[in-house]
Amino acid sequence: MSIVTVQLGQCGNQVGHEVFSSLCSDIRGTHGLCSRRENESYQAACQERFFCQEGSAVPVARAVLVDMEPKVISQALSMAARSGSWKYSEQSHFCQKQGSGNNWANGYSVHGPRHKEAIMDLVQREAEKCERLGGFLTIMSMAGGTGSGLGAFVTQCLRDAFPASFILNHVIWPYGTGEVIVQNYNSVLTLSHLYQSADALLVHENDVIHRICAQLMNIKQISFRDVNQVIAHQLGGVFQPTHTGEGHSHYSRNPLGDLLESLVPHPEFRLLGLRNIPQMPESRLAFSSFSWAGLLKHLRQMLIARAQMEEGIDWQVRPPCPGSSIPSSHPTNKPLHFNTSLANLVILRGKDVHGVDLGSFQDPSLYTPWLSPQEAFSARRTPRAFNKYEKSASLVSNSQFLLKPLDTIVGKAWNMFASKAYVHQYTKFGIEEEDFLDSFTTLEQVISSYTNL
């Protein structure tokens, strides 16, 4: 099944371009470490998922590019075409001359309704090119105006137009120090609206990716492109083809459906975090060796201790002791910083993958008591290596990973709202104080639900 990617705003278009570049680099690479037949099957599955031919000499991305300013889309189109290995369709982008001024209300209430027909026509056309439509992946930032406001509006339109299709929003969480003075308002409004229309939100935090660039990738002068390439690599580790189960020789045909079925057992819990291991500069790969046991020991502790990368893990955090008479939701039964999971998906790629024991991720103490580990944990594997890593593992987790950043961003937004700071910039575009209060209520409920896991 095919996935249509909708790139929204400056951030969404820049990240989207890096995602397609990473996917294309991976399928064209000669580092598969698997049989020729396996490699061809993998390439065909990826092509069907993310690209079409359209009579072109190179694959054409199944994507719609949307921004209220032309510069970034123009750059993305030309860089893809210059690569010689893939391109965007010339008829699949929409842009205007005037941006959204980092105002969520402008994107949602003005640009959205004004350009709805033109944008949804492009989406419909792209969807009709798919023999079997698996769903939509939207890529957007929460901090600005177009990605967040217009992104939330377009996601609602996708839900209305394709009620039976899967919708996964990939959301870039803003830097804590702030790129935009009203980013906390924009983030609260974005998250609360996406929670109503998307099946799940897959989140990357800019601060975390920045630290990965500095500490793991050893990049001295970190650019947005560096950050976006790490995000793209992590997304590729999730969305490139995998076998659906132990011993299966067929690649999953419905990647979005499989992901969401595994990870979203209840509509109250839609926030997904992503961890990937190992991560290092390409120049060091040839001199590095990893065992599956070592990688998975680190990945499991990253999950338990809410660690954001494999450096600086707190190894003192342990799961709660089994057999305690105190209900597991009781705070005294939870070790400090322990991360309770609702559902986890581990994806393994590379050498000797089918003999790997994942029993440590099925420990009942990792999960909420109302789901059995058999229901809460799933795994995908492929012997085909990903982007030059002989062995790599990804963890997609519906857990308390995002509880602290969500609580922080809601708290900051509420402090501004309590003093009515900048609210007038939203009311002039039709977003009233009641809309803010509804958004706060929605997210406070999400915080409460995850806290009580």
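Here the structure is a predicted model, which means the values were calculated and not measured.

## Things to note about the overall build of the protein chain
Thought 1: In terms of helices and strands, the protein chain carries 15 helices and 12 strands.
Thought 2: A compact globule built from 453 residues would reach a C-alpha radius of gyration of about 22 Å, and the protein chain, at 21 Å, matches this within 12%.
Thought 3: Dimensions along the principal axes, computed over C-alpha positions, put the protein chain at roughly 60 × 60 × 45 Å.
Thought 4: Here the protein chain holds 453 residues, and 60% of them are scored as buried.
Thought 5: Counted over contacts in the protein chain with a minimum sequence separation of 6, partners at least 24 positions apart contribute 80%.
Thought 6: Surface summary for the protein chain: the accessible area is close to 18500 Å², and the carbon and sulfur share equals 50%.
Thought 7: Each charge sign in the protein chain was given a centre, from 38 positive and 40 negative side chains, and these centres are 6 Å apart.

## A short note on the packing of aromatic side chains
Thought 1: Counted by the stated rule, this structure contains 19 aromatic pairs.
Thought 2: Between the aromatic rings of Phe136 and Phe162, the centroid separation amounts to 4.7 Å while the plane-to-plane angle is 55°, which identifies the pairing as tilted. With Phe136 in strand β6 (residues 133-141) and Phe162 in the loop between α5 (146-161) and β7 (166-173), the pair connects residues that are 26 residues apart, well separated along the chain.
Thought 3: With a relative accessible area of 0%, Phe136 lands in the buried category.
Thought 4: For the pair Tyr426 and Phe436, a centre-to-centre distance of 5.4 Å together with 75° between the ring planes defines the contact as edge-to-face.

## A word on the state of the cysteines
Thought 1: Here the structure, examined in full by the defined rule, presents zero disulfides.
Thought 2: There is no disulfide at Cys24, and the cysteine sulfur nearest it, in Cys46, is 7.7 Å away.
Thought 3: Judged by relative accessible area, Cys24 falls into the buried class, the value being 1%.

## Observations concerning the packing of helix α6 (residues 183-197) against helix α15 (residues 433-451)
Thought 1: Packing of α6 against α15 leaves a shortest axis separation of 9 Å and a crossing angle of 70°. Judged by the inter-axis angle, α6 sits roughly perpendicular to α15. Along the contact surface, α6 presents Tyr185, Val188, Leu189, Leu191, Ser192, His193, Tyr195 and Gln196, while α15 presents Asp435, Phe436, Ser439, Phe440, Thr442, Leu443, Val446 and Tyr450.
Thought 2: Partitioned by chemical class, the residues of the contact of α6 with α15 number 10 nonpolar, five polar and one charged.

## Some details on the domain arrangement of the protein chain
Thought 1: Looking at the assigned domains, one finds that the protein chain contains domain 1 (2-270), domain 2 (282-319 + 337-401) and domain 3 (404-452).
Thought 2: One C-alpha centre belongs to domain 1, the other to domain 2; they are set 24 Å apart.
Thought 3: Carbon and sulfur atoms supply 56% of the area buried between domain 1 and domain 2, which totals about 3200 Å² over both sides.
Thought 4: Counting every contact that joins domain 1 to domain 2 gives one salt bridge.

## Description of unusual backbone geometry
Thought 1: Across the junction of Ile277 and Pro278, the peptide omega takes the value -5°, indicating a cis bond.
Thought 2: Along the chain, the position of Pro278 falls in the loop between β9 (271-277) and α10 (282-285).
Thought 3: Even without being glycine, Asn218 reaches a positive phi, approximately 55°.
Thought 4: Mapped onto the elements, Asn218 comes out in the loop between α7 (206-216) and α8 (224-239).
Thought 5: By relative accessible area, which is 37% here, Asn218 ends up partly exposed.
Thought 6: Although it is not a glycine, Lys420 adopts a positive phi angle of roughly 60°.

## So, the environment of Leu201
Thought 1: For Leu201, the location among the structural elements is in strand β8 (residues 200-205).
Thought 2: Along the backbone, Leu201 and His170 are 31 residues apart, and their C-alpha atoms lie at a distance of 5.9 Å.

## Regarding the side chain of Ser85
Thought 1: In this structure, Ser85 sits in the loop between α3 (71-83) and β5 (93-95).
Thought 2: Owing to a relative accessible area of 12%, Ser85 belongs among the buried residues under this scheme.
Thought 3: In this structure Ser85 touches Cys24, Arg28, Val58 and Pro59, once residues within four positions along its chain are discounted.

## Structural notes on the packing of α7 against α8
Thought 1: Interaxial distance between α7 and α8 falls to 9 Å at its minimum, and their mutual angle equals 100°. With respect to each other, α7 and α8 are oriented roughly perpendicular. Between α7, through Asn206, Ile209, His210, Ile212 and Cys213, and α8, the contact on the second element is made entirely by Asp226, Val227, Val230, Ile231 and Gln234.
Thought 2: By residue class, the composition of the contact of α7 with α8 is six nonpolar, three polar and one charged.

## Structural notes on the sheet that holds β8
Thought 1: Taken together, the 10 strands give an open sheet; going across it, the order is β5-β4-β1-β6-β7-β8-β9-β12-β10-β11, and neighbouring strands pair in mixed fashion. Because the sheet does not close on itself, it has two edges, and the strands there are β5 and β11 (377-382). Taking the axes of each pair of neighbouring strands and ignoring which way they run, one obtains an average angle of 20° across the sheet.
Thought 2: Pairing between strand β10 (residues 341-350) and β11: six bridges, direction parallel. When the sheet's bridge partners are listed, Arg349 is paired in β11 with Thr382.
Thought 3: Each of β4 (63-67) and β5 touches α3; the most contacted strand, β4, lies at about 150° to it.

## Topic: the pattern of salt bridges
Thought 1: The full count for this structure, using the stated rule, is 10 salt bridges.
Thought 2: In this structure, the salt-bridge partner of Glu18 is Arg225, at a minimum N-O distance of 2.7 Å. Of this pair, Glu18 sits in helix α1 (residues 9-28) while Arg225 is found in helix α8, placing the two residues 207 residues apart along the sequence.
Thought 3: For Lys351, the salt bridge is made with Glu390, and the minimal N-O distance between the two is 3.9 Å. Of this pair, Lys351 sits in the loop between β10 and α12 (373-376) while Glu390 sits in the loop between β11 and β12 (391-399), and the two are 39 residues apart along the sequence.

Here is what the cut-offs are and how they apply
Residues numbered from 1 in each chain as written. Predicted model: local features only at pLDDT ≥ 70, side-chain atom pairs only at ≥ 80, totals over all residues. Heavy atoms only, no water. Helix = DSSP H or I, 4+ residues; strand = E, 2+ residues; numbered from the N terminus. Rg over C-alpha atoms; globule rule 2.2 N^0.38 Å. Buried < 20%, exposed > 50% of the residue type's maximum accessible area, 1.4 Å probe, protein only. Contact = heavy atoms within 4.5 Å. Areas by Shrake-Rupley, 256 points an atom, 1.4 Å probe, with all protein chains shown as cover. Lys, Arg positive; Asp, Glu negative; His and termini not counted. Charge placed at Lys NZ, Arg CZ, Asp CG, Glu CD. Phe/Tyr/Trp six-rings, centres within 6.5 Å; stacked < 30°, edge-to-face > 60°. Disulfide = S-S within 2.5 Å. Axes fitted to C-alpha atoms, helices over the stretch in contact; angles between N-to-C directions. Parallel < 35°, antiparallel > 145°, perpendicular 65-115°, else oblique. Nonpolar A, V, L, I, M, F, W, Y, C, P; charged D, E, K, R; others polar. Domains from an automatic or database assignment. Buried area = accessible area lost by both parts, 1.4 Å probe. Salt bridge = Lys/Arg side-chain N within 4 Å of Asp/Glu carboxyl O. Pairing = 2+ DSSP bridges.

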